[in-house]
Amino acid sequence: MVSLRMSRRSFPYSPLRRALSECRVALVSTAGVHLKDQEPFNTEGDYTYRIIPGDVDSAQLMVTHGHYDQSDADKDIDCVFPIDRVRELAQEGFIEGLGDKHIGAMGTAPNLKQFYEELTPAVSREILHSQADIVLLTAG
């Protein structure tokens, strides 16, 4: 079991042990990204997440957040969830490819303790049980 200990002064760090060209990337975003057919996030504060499949068409993604100007994300999801740009990196051989799942969450969390005690470990477990080697974190 993974134990996460977080504070405002330090964050967990794991050194990269292989070349990027041998790594699969998972995207984890707190920009409120989810599939159009998934339940939208509660814009008052939400401690849940949405699994986004690795083979998703970016046209099937949307943002529900409300605590940042999401007009650019509504036009081009890649500005907060760069799945098409990561695919281009794979095509160029810079990375091996995409993981089999990605995570969308909403970063507005009135209770920071609940956010890092509940949401963070759950998201970490999802990624640990995926085909990803590294994670690209994005925010709104």
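Up top you'll find the structure we're talking about.
**Some details on the pattern of salt bridges**
All chains considered together, the criterion is met by seven salt bridges. For Asp-78, the salt bridge identified is with Arg-85, shortest N-O distance 3.7 Å. Among the residues examined, Asp-78 registers a relative accessible area of 8% and is labelled buried. In this structure, Glu-88 and Arg-85 form a salt bridge, with 2.9 Å as the shortest nitrogen-oxygen distance. Of this pair, Glu-88 and Arg-85 both sit in helix H2 (residues 83-91), three residues apart, which is roughly one turn of the helix. Each of Asp-78, Arg-85 and Glu-88 takes part in one network of salt bridges that share partners.

**Section: the environment of Gly-45**
Mapped onto the secondary structure, Gly-45 falls in the loop between strand S2 (33-35) and strand S3 (49-53). Take Gly-45: its relative accessible area is 16%, and that puts it in the buried class. Spatially, the C-alpha atoms of Gly-45 and Gly-97 are 32 Å apart, while their sequence positions differ by 52 residues. Leave out the neighbours within four places in its chain, and Gly-45 touches Met-106, Thr-108 and Pro-110.

Calculation criteria
Residues numbered from 1 in each chain as written. Predicted model: local features only at pLDDT ≥ 70, side-chain atom pairs only at ≥ 80, totals over all residues. Heavy atoms only, no water. Salt bridge = Lys/Arg side-chain N within 4 Å of Asp/Glu carboxyl O. Buried < 20%, exposed > 50% of the residue type's maximum accessible area, 1.4 Å probe, protein only. Helix = DSSP H or I, 4+ residues; strand = E, 2+ residues; numbered from the N terminus. Contact = heavy atoms within 4.5 Å.

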